[in-house]
Structure formats: structure tokens, C-alpha cells
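Architecture and fold: a report
Residues per chain are reported as follows:
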Amino acid sequence: MEYYSLETQKVLETLQTDSVNGLSSKEVASRQAQYGANVLKGKKKKGLFLKFLDQFKDVMILILLAAAAVSLVVAILEGEAKGFFEPALILVIVVVNAILGVMQESKAEKALEALKNMSAPHSRVIRDGKEQIVMASALVPGDIIKLEAGDFVPADARLISGASVKSEESALTGESVPSEKDASAIIDENAPIGDRSNMVYSGCSITYGTALAVVTAIGMDTEMGKIAVLLSGEGDTQTPLQKKLAKLGKYLGLLAIGICVVIFVVGLINDLKPLEIFMTAVSLAVSAIPEGLPAIVTIVLSIGVQRLAKKNAVIRSLPAVETLGGASIICSDKTGTLTQNRMTLVKGWVEGKENSEDISLNNSEEMKKLLAYATLCSDGSVLVEADKVTHIGDPTETSIVLAAYNNGMSKEELNSAYPRLATIPFDSDRKLMTSVNNIDGKITVIVKGAFDVMASRCVSGNIDEAKRFTELLSADALRVLAVGYKVIDELPSEITTETLENGLTFMGILGMIDPPRPEAKAAVATCLRAGIRPVMITGDHIITASAIARELGILRPGQRAITGTELDEMTEAQLDACVEDISVYARVSPENKIRIVKAWQKKGHVVSMTGDGVNDAPALKAADIGCAMGITGTDVAKGASDMTLSDDNFATIVDAVKEGRGIYTNIKKVVGFLLGTNFGEVVAVFTAMLIWHKSPFMSMQLLWINLITDGLPAIALGMEPTEKDIMDVPPRPKNEGLFAHGYGVRIVLQGIMFGILALVAYAIGNHYVGETAGQTMAFMVLAFSQIVQAFNMRSDRSLFRIGFFGNKKLNQAAAVAIVLMAIVLFTPVSVAFNLVMLPWYLYAVSLGLILVPLVVMEFVKALGLLKNHK
């Protein structure tokens, strides 16, 4: 039905709803059963079988399957039962690897799905006569919803009433300019979407004004659902690190091919059988490529995202996890982030009075009038149930509404007695809000906002005295709002700032306190210790902002606090020259925020920026890490951010940076461990071919090592708890590579160590018993020494200092790997791997070789050679 062509009352009747009380809970439940959830159907997910098949698209897996096929053909031709073990084992290991890949992929999908649900949009709805906040997915046709600037529209809806409403609808119409809305308009049935000025549409956003609307369509029945533009996919979710590792994998593949060619030449020169050379080449290919590396890095990132979510930091994209660890500047809002966001009205001053007045339960009549006028000019509300007070809307406004309520004036009663005729919503550019009400038969314009803006618009009142009291209250770290009013004969034809917000009579000021969060001071200290510079950016008065900043340790001796006006007067060159001296920016505009971000970025810093409003979206996008507020933040701000703070807490940003550093460090450990051990396998196979013209390993032995003693410990290593001193070092430079500070050299040297250990083991076993014993000893030494190396990689500090078994996941992974290795070495399964039992003295020698990495790494750590790898 074309609801836009009907009058408002007819729409309400058709949808069987009421604009004042909304739907009843019983009716909502009935309609939810009838219409389903308000969600768009996503792309059909791949089934488990298709995911399983996808695991075989990797070139290295295809090479292994080809090797298994060749080996199977040879076994059939030779007719020996033993010959079937190798192709069978290769197939089993490849299939197990594929199953693990599917499990990991499914786990990552579930984790990301859970995070999507955590950041799902909510909606303000009227049900059973009360305003409630519900999940947008729970809306049904006929629901009465409230919208304001910054909200995403949760469903297609017909406007019932609205004030200066504008909606950004480019996703539907292609128009870059927000569409102006008119609730009273009746639109032709054949009008295109862009001309339906009395409708708002799902997936679009409110850029200006406030509105009351009735839901007309949900889910796939919405205009957005019909064209399914939101189902274009998630895009490229690979992080920069994953891309680098993918490129590294290609280089390693080329290296493996080159070495394989050399081996073929060496083999042919020494009259080795082509099949034997082929299987050796396959062994080398297996050893050169750490097949599990991309999957393991994805798992580590996914686990990190879940850990961050538990700490109230909801990450929207995996790349943000990497960037977090490198944050060097945190630009934070004051209200609610550094402070408690529990605004409480504590003082006020009324024009003509000699002294300010404490806000109480029974204020003077003059103060009650000021509170009443300020409440009428507020969109926030409070819900009082028994002893519980729920604040809905802006905390500044709800503190005023609650103060009025405590003085016996509920907002509902005030709105009923003095109905609102028009409004100009607050925006951060004007720093004012205006409401026009019928007060005792007179059309009264009430304006509230920042004192410095209000003062210039007043023609009556003692502004000098008001300024004195404003400064007195601000000096006590109170946030100050001014209230003015005027009486007009009739509403102007156009409700604009020019027609209403001038010629005012100054009425008074209200001062509210928002104390610093107890944990914020410690978080700021942690930042400074970690080489991270906290910067306060607020719309509050400079005196208030500076007082809070000093108390928290953000504004220190020798540093400056400036206003947005002062910032506007600076050229780009001037800002670039002094940005490092400024710690507090007060009375800023959203445009100022972008300039601040870019000035710090020019200095080579990774900048985190917090924001909650519609106009903050560009600054959140411009920052390296945009942090939206989960409680007070608008949907638009959340959509533009990389991370949402579900508790709006500055300490959470610092915790997230700490976790980000830990995640990045763990990934470096995993990469170093896998590349080092795999390089060791390459060194062993290649050198053995040059010396003995034989490989010390069979391809299935290397596959087993890569799957069990590489793969399992690597995943567990990625879950290593964040080191306690990780915030005692400066952040890594913006463009620092993964292998900086000699980390690449360290990996190569460790690989050489493993290669030498395997070769020594092979040589000893071959000399004292025979070739098979040499392979058995090399296999055992390489596998178990890699498990030991996993523990070495936990920290650059001695294991004797941090404790050997601090990572429970690694302990479990090592135990499983040891048990599986024992089964392969000491049970009849060993026959399939071409392994034999060794004399006791060779086991003793093997144990000594296995512990060599521990001794070497402890010695290197003691010399202080492993630093700057965080």
C-alpha cells in the first residue's frame, strides 16, 4: 500500500495503531509471528561440503594430491602392500587439514556473526504507552518510532510529526543532498522515492531534526530489501598483515620451485630414480610452505576480536586490530569518555539574583521557572520506576529534566500544559536548541545552549553578570548551559535560526557536574608510560575542559589548551608547527576534529579519534582508528567507525590498544615460529640432498610435523596472554615491517639451527644403525625440538622468569602433540611412517639435541639480543 498518499490518521487506522500509546506487547508478539524479524536476508552461506572443497584450491595442496596419486600408481604397479601407506597417509593428512580448515572457518564466521549482533542497531519505540529502546530487528508494522539526527532509519516509516527533518537517502535515490521531509504532505501514488517527502526509509539516516513515525514495512518488504543493496557482501576482509603473508607465501613457493629444480638436477646427475627425486621434491615443497600460516593468523585475529569484545571494544573489521597496536595518539572526547557521563545539575543562577542557587528538591520559584523552561526545550527524558531512574537521550538534557522532576514538574506534565509548537534541534555548529511553546496563551520561544553563543543573541539581561557567574561555575569544572526566551505574536512562516534565535531575554544559567571516571586517571598514566599521547577534544567550555584535563594528567606543564575559535584562526602551517604543544581543544566543531587528526598524521602518528554525533563521522573516517560511543553514539557515527566502545569509557580505548599490541605480538610470534621451523626443514632437506643425495625425511613425515608439531602449538601460541610490560614500550612506527629490528635475520638463524639439528640427528642415526634409523632420529629431533621452540617463542624474556607453563592452551597443544608423536614413534603405526625403534643411547642423544633450542634461546635472551620485538 502507498502509505505516502494517505493522510496520517488514515495510515494509523490502516495499520491499527495509536500514535500516543503505540502497539500493545500482545499485539507486537502477534505481528512478529505474522511478519517475522526486521532483517534483510543475507547471501546464502556456503555449506560444509563446499567449504571442505574450497580447502583443496590451494596450489600446495594440489601438488600434494598429485604426489599421492603418483605414489598410488607406483604402489599399484609394484604390487607391494607397504607402498600404499604413503599415498594413504598423505590423503589422510590432507583431509584432516581440510577438516581443521573448515572448523576454523566456521568458528571465525560464528565469532564475526556474534560481533555483528553485539553492534546491531537499536530503535526508540513507543509500546504500551511507554518509550522503550528495542533491537531494530524486533520492530513490526504499526510500531511508533522516534527518530533524531544521527539515527539510522530502522524500517520504512510514514512520518506522523517532525521538526526540520532531513534524511540522507543516497543509497536509494543517488541524491547526495539530504532530502527535506514534511509529515503533513500528501504525495501522489506514482511519485518516485525521492519525492516522497513524508516517508523515511530503512538503511538511510536522519541528518537533521527529530521525528515521530509509524513503521509501514520491515525486512525484505522495505524499499532497501527490494533492491537488496545491502547484500553486496562484506568486501575485502583481509588485513594488511594477511596480504603481506600471502605475498610471502608466493615468494616461498617460488623459492621451493627453484630448489626443487636444483634437487632434480642433483638427483639426475647421481642416477637417482625419477620417482624418488619427485617425492623428495614434494618433501621440499611441503617443508618450504607453512600451509597453516594464513588460517592460523586469521584464527589469532578472530580470537583477538573476541577478547576485545569482552573488554567492551567491539571491532568492526579485522584490519583495525592490527592498527590498534600501533596507536600513538588518542584524541578523546571529555563527556562520558573521560568523565562518568552522569550529569547532575548542581547549581544555577537566575537573571537579577545576587547569588547562585544550589539545585535541590525544593528550589525557589524563579529557579523552578528556569528549570521548567529548560525542560520544555529538551528532547531527553527520564523514566522513573520505583527506585530506578532511566535516562533516555542526551545526559545534559536528562539532568535538567530530572532536576525539574525532583521539583515536582515532570516533563510529561510540562509538555501537556505548555505544548510544543515548533522546534529547531540542537546541532554542533550553532551550539543551540530552540523550542516554541504555548505558555499560558503566549507563543514563547525558548533557546538553550552555550553561553558564549547565547550572549550574542540576547538584547535584554545583565550579560556581564551572567558571564561572571558562568566563569565562576566553569572554574569549579561545571558544564554551563544558558537559557534565554522571547514572546512573539505569531509563528513565522519559516522556522529558522534567523527568525527565532535572536532578540532574546537572558533568563539564567545552569551548571552541571560530570566527574572524571575513577579509572580514567590510571588509563592516562598508562598511555603516557606507553608513549601514547592523550589529547582532549570537547565541545565544553575551555575552563571546564582544562580543569578536568589537569586532574587526569592530560594537560601537563608547558602544554596548552585552546578553543575552536583559536584553531579556526590558525593556518595549516601554524597548526602543524604547534600541534604537539596542545593537549586540550575546547569548543571545537567537527571540522576542527578533522584538522587535528590530519595534523598529527602528518607527524607520522597513528591517530585514534572518538566521536558520537552525525557530524563526527568524517573525523572518525579520517582517523586511523575511529572509535564510536556505544551508549551515546549515533548509528551514523558507529557506521563510520572501526571500533565501538560499548561502555563509552576512555580506559576501554587504552585496554583495546594494549590488547591490539598483544595480538600483533602474538601474530609475530606465530609467524616467527612457523617460518623458522619450516625454513629449518628446507635447510635439512636441501643440504642432505647436496651431501648424501638423499632426503632425511619422507614427505608424509614432514606433513605430519607441519600439521601436529607446527600447527597445534602455533594456534596455542597465538593465544598467549598479553605480556605485563607491553605498555612499557613506545608504539611501533607506522610503517614498520613485520621483520623489522632483525626479526627476519632471527628467523633465518633459528631455521639454520633446526636444519643443523635435523642433519646431525640423521647423520648420527645413519652412522650407528642405518638410513631408516637416521630418518627416525631426524624426524623425532625436528618434531620435538619444534615443540620446545614454541615455548621459547612465548617471550623475549627467559622462560625461567615468566614460567614455563603460563600458557594453558600451549600446554594442552604440546601435550596432544607429544602423545600423537609417541603413537607414531612407539606403536605399530610407525611402520606406515617408515620409522624404526632406536637403541637407548640414540634416544638419549636425541633428547640432548631436542633441548638445544632451549639452551641456545636462553643464552641469547640472557645476552639481551632479543629486544624490540613487541
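Everything below is about the structure printed above this text.
The rules we used
- Residues numbered from 1 in each chain as written.
- Predicted model: local features only at pLDDT ≥ 70, side-chain atom pairs only at ≥ 80, totals over all residues.
- Heavy atoms only, no water.
- Helix = DSSP H or I, 4+ residues; strand = E, 2+ residues; numbered from the N terminus.
- Buried < 20%, exposed > 50% of the residue type's maximum accessible area, 1.4 Å probe, protein only.
- Contact = heavy atoms within 4.5 Å.
- Axes fitted to C-alpha atoms, helices over the stretch in contact; angles between N-to-C directions.
- Left-handed = near helix turned anticlockwise from the far one by under 90°.
- Salt bridge = Lys/Arg side-chain N within 4 Å of Asp/Glu carboxyl O.
- Phe/Tyr/Trp six-rings, centres within 6.5 Å; stacked < 30°, edge-to-face > 60°.
- Patch = residues over 30% accessible without salt bridge, like charges linked within 9 Å, V, L, I, M, F, W, Y side chains within 5 Å.
- Areas by Shrake-Rupley, 256 points an atom, 1.4 Å probe, with all protein chains shown as cover.
- Lys, Arg positive; Asp, Glu negative; His and termini not counted.
- Charge placed at Lys NZ, Arg CZ, Asp CG, Glu CD.
- Disulfide = S-S within 2.5 Å.
- Pairing = 2+ DSSP bridges.
- Parallel < 35°, antiparallel > 145°, perpendicular 65-115°, else oblique.
- Nonpolar A, V, L, I, M, F, W, Y, C, P; charged D, E, K, R; others polar.
- Polar contact = N/O pair within 3.5 Å; in protein donor to acceptor, adjacent residues only side chain to side chain.

Some words on the overall build of the protein chain
Looking only at helices and strands, the protein chain features 32 helices and 25 strands. Once the C-alpha set of the protein chain is aligned to its principal axes, its extents read approximately 110 × 65 × 50 Å. Within the protein chain, the fraction of its 870 residues that count as buried is 54%. A fraction of 72% describes how many contacts in the protein chain between residues 6 or more apart in sequence connect residues 24 or more apart.

Some details on the packing of helix H28 (residues 771-792) against helix H31 (residues 840-850)
Interhelical geometry of H28 versus H31 gives an angle of 35° and a closest axis separation of 9 Å. By crossing handedness, the relation of H28 to H31 is classed as right-handed. Residues Met777, Met780, Val781, Phe784, Ser785 and Val788 of H28 pack against Leu842, Tyr843, Val845, Ser846, Leu849 and Ile850 of H31.

What about the environment of Glu858?
Here Glu858 shows up in helix H32 (residues 852-862). Taking the C-alpha atoms as reference points, Glu858 and Arg797, 61 residues apart in sequence, are found 8.3 Å from one another. The contact partners of Glu858, leaving out residues within four places of it in the chain, are Ser798, Leu799 and Phe800.

Some points on the pattern of salt bridges
Pairs can form between side chains of opposite charge once their charged atoms are near each other. All told, the structure shown has 26 salt bridges when counted by the stated rule. Of the charged contacts, one joins Lys448 and Glu397 as a salt bridge, the two residues approaching to 2.8 Å between their closest N and O atoms. Of the two residues, Lys448 sits in strand E16 (residues 442-449) while Glu397 sits in helix H13 (residues 395-406), which places them 51 residues apart along the sequence. The same class applies to Lys448 and to Glu397, which are both buried.

Digging into the packing of aromatic side chains
Taken as a whole and judged by the stated rule, the model has 13 aromatic pairs. Ring geometry for Phe779 and Phe833: centres 6.5 Å apart, planes at 25°, overall stacked. Residue Phe779 is found in helix H28, and its partner Phe833 is found in the loop between helix H30 (808-826) and H31; the two are separated by 54 residues along the sequence. The exposure class of Phe779 is buried, given its relative accessible area of 0%.

Observations concerning a negative patch on the surface
Together, Asp429, Glu566, Asp568, Glu569 and Glu591 give the surface a local cluster of negative charge. Its place among the elements puts Glu591 in helix H22 (residues 590-602).

A word on the state of the cysteines
One pass over the structure, following the stated rule, counts zero disulfides. Of the cysteine sulfurs around Cys527, a residue in no disulfide, the closest is that of Cys331, at 11 Å. Under the relative-accessibility criterion, Cys527 is labelled buried at 0%.

What about the pairing of strand E19 (residues 504-513)?
Buried residues dominate E19, accounting for eight of its ten residues. Bridge count for strand E10 (residues 344-350) against E19 is six bridges, and the pairing is antiparallel. Residue pairing for E19: Leu345 is matched across the bridge by Met512. With two bridges joining them, strand E17 (residues 458-460) and E19 adopt parallel strand pairing.

Digging into helix H19 (residues 542-552)
Thr544, Ala545, Ser546, Ile548, Ala549 and Leu552 are the residues of H19 that are buried. Buried positions along H19 lie against helix H16 (463-475), strand E18 (479-488), helix H18 (518-529), strand E20 (533-537), strand E21 (560-563) and strand E22 (582-586). Phi for Gly553, located one or two positions after H19, is positive at around 95°.

A short note on the sheet that holds E21
Strand order in this open sheet of eight strands is E8-E25-E24-E23-E9-E20-E22-E21, and the pairing throughout is mixed. Edge strands, defined here as strands with exactly one partner in the open sheet, are strand E8 (313-315) and E21. Averaged over all adjacent pairs, the angle separating strand axes in this sheet is 20°, with direction ignored. Bridge count for E21 against E22 is four bridges, and the pairing is parallel. The residue of E22 that forms the bridge with Thr563 is Ala586.

Details of the environment of Asn415
Among the secondary structure elements, Asn415 is positioned in helix H14 (residues 411-417). A C-alpha to C-alpha distance of 9.0 Å links Asn415 and Thr375, two positions 40 residues apart in sequence.

Examining the packing of helix H27 (residues 743-768) against H32
Where H27 contacts H32, the axes come no closer than 11 Å and their chain directions differ by 150°. Here H32 runs roughly antiparallel to H27, going by the angle between their axes. Crossing handedness for the pair H27 and H32: right-handed. Facing H27, whose interface residues are Arg746, Gln750, Met753, Phe754 and Leu757, H32 presents Val852, Pro853, Val856 and Met857. For the contact of H27 with H32, the class distribution of residues is seven nonpolar, one polar and one charged.

Focus: a nonpolar patch on the surface
Where nonpolar side chains cluster on the molecular surface, the patch consists of Tyr251, Leu254, Ile257, Val261, Val265 and Ile269 and spans about 640 Å² of accessible area. Considering the arrangement of structural elements, one finds Val265 in helix H8 (residues 240-269).

Some details on the environment of Cys204
Within the secondary structure, Cys204 sits in the loop between strand E6 (199-200) and strand E7 (205-217). For the pair Cys204 and Phe679, spaced 475 residues apart in the sequence, the C-alpha separation amounts to 52 Å. With residues near it in sequence (within four places) discarded, Cys204 still touches Asp151, Phe152, Val153, Ser167, Glu168, Glu169 and Leu172.

What about the side chain of Asn649?
For Asn649, the location among the structural elements is in the loop between strand E25 (643-645) and helix H25 (650-692). Residue class for Asn649 comes out buried when judged on its relative accessible area of 6%. Here the side chain of Asn649 touches Glu519 through a polar contact of 2.4 Å, side chain to side chain. Here the side chain of Asn649 touches Ala651 through a polar contact of 3.0 Å, landing on its backbone nitrogen. Other than its neighbours up to four places away in sequence, Asn649 contacts Gly336, Thr337, Arg517 and Glu519.

Considerations on the side chain of Lys593
Inspection of the secondary structure puts Lys593 in helix H22. Note on Lys593: relative accessible area 8%, which makes it buried. If we ignore the near neighbours within four places in the chain, the residues touching Lys593 are Ile537, Met609, Thr610, Gly611, Asp616 and Ala619.

So, unusual backbone geometry
Even without a glycine there, the phi angle at Asp128 is positive, about 55°. According to the relative accessible area criterion, Asp128 is partly exposed, its value standing at 41%. In this structure, His693 takes a positive phi of about 60° despite not being glycine. The topology assignment puts His693 in the loop between H25 and helix H26 (699-717). For His693, a relative accessible area of 24% translates into the label partly exposed.

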